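# Secondary and tertiary structure notes
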Amino acid sequence: MAHPTVQSPIRIIIVGGGIGGLSAAYTLGRAGHHVTVLETASTFNEDLGAGLQLSCNVTRLLIRWGLGHKLKELAVVPQELCLRRYKNGELIGWVKWGDKMEKDYGSPYYHIHRADLHNILIDLARPYITLRMNSKVTNVDPWAPSVTLQSGETISADVIIGADGVKSRLRDIVVGGPDRAKPTGDSAYRALIPTDLMMKDPELKQLVDRGSSTIWMGHNRHMVGYCLVSCEEAVQYRDASSFREDNDNVRPGDCDVMRDDYKEFEPRVARLLKLVPETFIWSLMDHEPLDTWNHPSGKLTLLGDACHPMLPYRAQGGAMAVEDAAVLGHLFTKITSPRQIPSFLKAYEQIRKPRATETQLASRKIQKIFHHSDGPEQEARDASMRHGMEVALSELRGECVTDDCEGNSNLWADRVLCRAQFEYDADEVVMKWWAENGDAVLKGGVLEYSML
């Protein structure tokens, strides 16, 4: 797909140099706009965040951006998803991944270390942008528009994009006051386990050899594990448990407390957690969908976690931010005057908000599915997942399968949901939208449009 460039570039400030901010910087800078990225940190932390799942809907964009070879070098292709009962490790749900994901949805599914993805996005965007580190924004004038840095410097632009994460200051400006995310009652541990230690245990070795992504589901807590390649010897296990804490800062955790939280899980889990050298905790915060992503000035918008923070259960937070960036960048190849910016931002919101909101709510739903107490709801969930597993195994045996498992408790077995999530092509969506609405946008108005 060709990358068009604009004839009349505009000045764009992006506040935040995370995955979404850098992706937007690349798509907008590549289009020919003058892009400045303002990042508060003096250096990027390569350790924080650990693993990230890159589903088909985001890898197709990254590959289109020329990063396919980097993904093959730095990422792992998970071969299967296993959902297990916490007490005895019984396999409750299963779906085949591996090359089947690319066959079914048109692009591969990867696991990657967040720092590796961040680094390749920096390298990708840098030729097209100005990246300013240690540039904390302390004030925003959305009408000018301009930002003021902690140093006292004021920077003006034609449009400002808030990509400053779940604690976004720019979201407060868009909604007109403080708008903090709320604690879910869940907290999460993150840890990397050296695979050379796992390989010494025959049962743990199977997790590595099979290339499994495994979820153990229990009462008010679950545990997720998958392989990463960036450290070669590392496997990440992310655990969610009910700490009822409001502290949303990432902080060191106590490994002994973590192990005690999972003492009722099957023996393999105990042996895994015994291998954890250190862990970090962060409280999972949630946010109701916003009424709008755009400031009334028409010169300030939001992107990624700043406007639709995702709980991690659907593994779509990064994907949604990259999709936002792709749509924004593609739209802004068509702008011919700064006067059109308000209309283009309305178009961006109309295209993206329904999908991001739906994904946000789906992620919230999985929290409950994974955390059922033993009883009727858990039994119904397990029965649903077992059915999805039988359908997947039938397909693996070469049988003709017509059951889409719509509504299955294993959302990755629900083919209707997976097609909607993983076949999404942000560029194609923009082209379709523009064919129907582009003339109205260029004239300064946006037609009502319902995404199909």
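A few points on the structure. Everything numeric here is computed off the predicted structure, so don't read it as measured data.

Attention shifts here to the pairing of strand β5 (residues 91–96). The pairing of strand β4 (residues 80–85) with β5 spans five bridges and is classified as antiparallel. Opposite Arg84, over in β5, you have Leu91 as the bridge partner. With antiparallel pairing between neighbouring strands as the criterion, β4 and β5 make up a hairpin whose turn holds five residues, including Gly89 at a positive phi of roughly 75 degrees.

The next thing to look at is the pairing of strand β2 (residues 34–38). Extensive coverage of β2 is indicated by the burial of four of its five residues. Pairing of strand β1 (residues 11–15) with β2 involves five bridges; the strand directions are parallel. Across the sheet, Arg11 pairs through a bridge with His34, a residue of β2. With helix α1 (residues 19–30) bridging β1 and the parallel β2, this β-α-β connection has right-handed handedness. With four bridges connecting them, β2 and strand β7 (residues 129–132) associate as parallel partners.

Going from Ala144 to Pro145, the amide bond is cis rather than trans, its omega being -15 degrees. Mapped onto the elements, Pro145 comes out in the loop between β8 (137–141) and β9 (146–149). Of note in this structure, Asn134 is not a glycine but carries a positive phi near 55 degrees. Counting through the fold element by element, Asn134 comes out in the loop between β7 and β8. For Asn134, a relative accessible area of 58% gives the class exposed. In the Ramachandran plot, Cys405 falls in the positive-phi region, its phi being about 55 degrees despite a non-glycine side chain. By the element assignment, Cys405 lies in the loop between α12 (376–396) and α13 (415–422).

Parameters at a glance
- Residues numbered from 1 in each chain as written.
- Predicted model: local features only at pLDDT ≥ 70, side-chain atom pairs only at ≥ 80, totals over all residues.
- Heavy atoms only, no water.
- Pairing = 2+ DSSP bridges.
- Helix = DSSP H or I, 4+ residues; strand = E, 2+ residues; numbered from the N terminus.
- Buried < 20%, exposed > 50% of the residue type's maximum accessible area, 1.4 Å probe, protein only.
- Right-handed = clockwise from strand over helix to strand, strands pointing away.

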